[in-house]
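Examination of the molecular architecture
In case you want the letters, here they are:
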Amino acid sequence: MKNKAVKQHSMVNNIAYFVALLFKVSPGIVVGDILYGIIEKLPTRIISVLGVKYMIDLVQQGASAKDVFKVVLVVAAVLIVSRLANWLYREFYWNVAREKAYQGLNKTLYEKAKSLDLECYDNPQFYNNFILTIESSSDNIQNVMGLVEHYVGELVSLITIASILLTIDPVCLVIILAVVAIFTPISKKIGTVQMQRREDNNRLHRKADYFARVFYLQDYVKEVRMNNIMPLLMKRYNEAAQEVCDNQRKYIRKIDIMYFIQETGVQIIGFMFILPLYLGYCVLEKQILSAGDFVASFNGAFSIAASFSFLTVTAVRNFSERAKMIEKYREFLKTESKINDGSEVAEITEPKEIKLENVSFTYPGNTEPTLKNINITLHPREKIALVGYNGAGKTTLTNLLLRLYDVTNGRITIDSQDIRDVSVESHRNRFSAVFQDFQIFAATLGENVSLDKEFDEASVWEALKHSGFDKKTPNGINTFLLREFDDDGIMMSGGESQKVAIARAFYKKCPYVILDEPSANLDPVAEYNLNQSMIEAAENKTVVFISHRLSTTVNADMIYVMEKGEIIEQGTHEQLMAMNGTYAYMFNLQAEKYLTNNVD
């Protein structure tokens, strides 16, 4: 991810951006919420000013009870119709529309996440923003549209009631505006502090959430029960939880003080002292207001006060906080990948020659290169083994082949064409890969092998056969794995899961295969069978595999021994054994342990 200063947008700009984004996903909910806000506020406010004034004036003019009753019925009808309209919108449209909008926004986020390269995930700031963006998506819909809904409703009410009040007594309006304007700057400060609190809470909650994963993920079940790790985990959990509590105390104290100053100033000084004092003076001393005018002025003043207070105090405070959240949202959606598409489309054909020419790579944020001056030629249909100690750079090299990262220096070519000259998708379609940290998805067995919603059943069974998968499944390849979406989904051992992952490499029709520790969870017999199947199934493919079990490398066409990001030995098994170097030492050490274990 590019390390450049990100332009900060204004509060209004961010709110408008999010509303526009939501409008693309669900225009109905944007328009509906705005109308809801107007209908929620305006009828009540007009009735409290003009309706009440009209009824008082009728009584003063000696109108009959029947005439007053008619006005009451009209007022009641207006209120009932407006409430009914809003109730119907909320009950029969809003709940479903909100979920669809939430789904649409999250789909946008997930598609963006998929388009980003791995370097973004190496950046802690990006990862924090990503988590915050995902977690706040639904919250943003409800809160931002709730604020917009209230804002538009209050704005329309303010304009309408202010127009009425100006014809009766404009001084009331001046008093209200002056009082609220004085305390408005505090709102922005409250919004800033609220956002700081949220960011700190998100970071601290990620620590606490780790312990939830430890206790609900199956990965940790045996370790937690077989060892005395529980006291340590609880100690760390208590520390993390205490950090959250301390953080809350730190911010709540500041926020409460600012809230108190703001509310005291606006509500008590302005609306409970200055305004009533002025209206009382107009009625008792100057006698310039009638009973109806007095009530209309007082109700109108409080209506305008409520509207203006929300528009300039509450709205500024809450919009300021939301705008900072949306800024994170924008940053995430505008994040640029360093891995860009080339102008050409790679064809999936027969295996071609792959060359790594003076390839070096340094991870973002690191000063020392992980790979240094790598030169390798992979001939079509060769079986290439990468061996070496942990941290030697083997997995990084395969990540570069797949363009999960781009080389820092040098280049990688396929059939003499730089892989950066073709689109990322078409390049990766030439490869199938089984990663060391492979994942099984909550989907059917067939979907897990094909990694697609549509698949060829015969090819799936053939791929599973080659991988050595022989677990009985109640519904064949339509059996669900894991239980997130099916309570009857099956759970598998590590070895069974790895065989499913390996079957993916056999299923995909492509010229190149990368296997990172393909037999790590397999027993020796399964490992031997896998090797035989791999040779048979990948006869017409170029295969690059990483293995710490050197028994799997014996039949490789070429073995590259890596150490500290460099190739220190290369050759066939026989050639490397004859060299009596690092490879020979590692092989003999493993063979010796295997023989010793057999004797024991």
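Parameters at a glance
- Residues numbered from 1 in each chain as written.
- Predicted model: local features only at pLDDT ≥ 70, side-chain atom pairs only at ≥ 80, totals over all residues.
- Heavy atoms only, no water.
- 1 Å grid on protein atoms, 1.4 Å probe; cavity = no way out; pocket = protein on both sides within 12 Å on 5 of 7 lines; lining within 4 Å.
- Points joined across faces, edges and corners; volume = space filled by probe spheres on them.
- Helix = DSSP H or I, 4+ residues; strand = E, 2+ residues; numbered from the N terminus.
- Nonpolar A, V, L, I, M, F, W, Y, C, P; charged D, E, K, R; others polar.
- Buried < 20%, exposed > 50% of the residue type's maximum accessible area, 1.4 Å probe, protein only.
- Contact = heavy atoms within 4.5 Å.
- Pairing = 2+ DSSP bridges.
- Expected span 1.5 Å × (residues − 1).
- Phe/Tyr/Trp six-rings, centres within 6.5 Å; stacked < 30°, edge-to-face > 60°.
- Lys NZ or Arg CZ within 6 Å of the ring centre and 35° of its normal.

Quick look at the layout of surface pockets now. Think of a ball as big as a water molecule: rolled over the atoms, this probe shows where empty space is left. Considering only enclosed or pocket space, the largest pocket measures out at about 2,000 Å³ in volume. The wall of the largest pocket is formed by 40 residues, among which Lys114, Leu404, Arg428, Phe435 and Phe441 lie closest to the centre. Put simply, the parts of the chain that give the lining of the largest pocket at least two residues each are helix H3 (65-115), helix H4 (118-121), helix H11 (394-401), helix H12 (424-428), strand E6 (431-434), helix H13 (445-450) and helix H15 (494-507). For the lining of the largest pocket, the element with the most residues is H3, which contributes five residues. Grouping the constituent residues of the lining of the largest pocket by class yields 20 nonpolar, nine polar and eleven charged.

Backbone geometry places Arg381, a non-glycine residue, at a positive phi of 70 degrees. With respect to the secondary-structure elements, Arg381 resides in the loop between strand E2 (371-378) and strand E3 (383-388). According to the relative accessible area criterion, Arg381 is partly exposed, its value standing at 34%. At Leu451, a position not held by glycine, the phi torsion is positive, near 55 degrees. Looking at the element boundaries, Leu451 is found in the loop between H13 and helix H14 (457-467).

Turning to its location among the elements, Gly388 is positioned in strand E3. Judged by its relative accessible area of 1%, Gly388 is buried. In this structure the C-alpha to C-alpha distance between Gly388 and Thr582, which are 194 residues apart in sequence, comes to 8.6 Å. When neighbours within four sequence positions are excluded, Gly388 is seen to be in contact with Lys394, His548, Met562 and Met586.

Read across the sheet, four strands follow the order E2-E1-E4-E5 without closing on themselves; strand pairing throughout is antiparallel. Both edges of this open sheet fall to E2 and strand E5 (417-418), since each of them pairs with a single strand only. Sheet topology places strand E1 (residues 354-361) next to strand E4 (residues 409-414); five bridges connect them, and they run antiparallel. For Ile354, the partnering residue across the bridge sits in E4 and is Ile414.

This paragraph deals with helix H1 (residues 11-25). Between its first and last C-alpha, H1 extends 22 Å over 15 residues, near the 21 Å set by a 1.5 Å rise per residue. Among all positions in H1, only Asn14, Ile15, Tyr17, Phe18, Val19, Leu21 and Leu22 are buried.

Moving on, we get to the packing of aromatic side chains. All told, the structure shown has ten aromatic pairs when counted by the stated rule. Where Trp87 meets Phe92, the ring centres are 5.7 Å apart and the plane angle is 85 degrees; that geometry is what we call edge-to-face. Judged by its relative accessible area of 46%, Trp87 falls in the partly exposed class. The class of Phe92 is exposed, set by a relative accessible area of 61%. Judged by centre distance (4.8 Å) and plane angle (80 degrees), the ring pair of Phe361 and Tyr363 falls under edge-to-face. The class for Phe361 is buried, based on a relative accessible area of 3%. The rings of Tyr36, Tyr89 and Tyr93 are connected pair by pair, giving a single aromatic cluster. Looking at Arg90, its charged tip hangs above the ring of Tyr36, at a distance of 4.3 Å from the centre. Between the NZ or CZ atom of Arg90 and the centre of the ring of Trp94, over which it lies, the distance is 4.1 Å.

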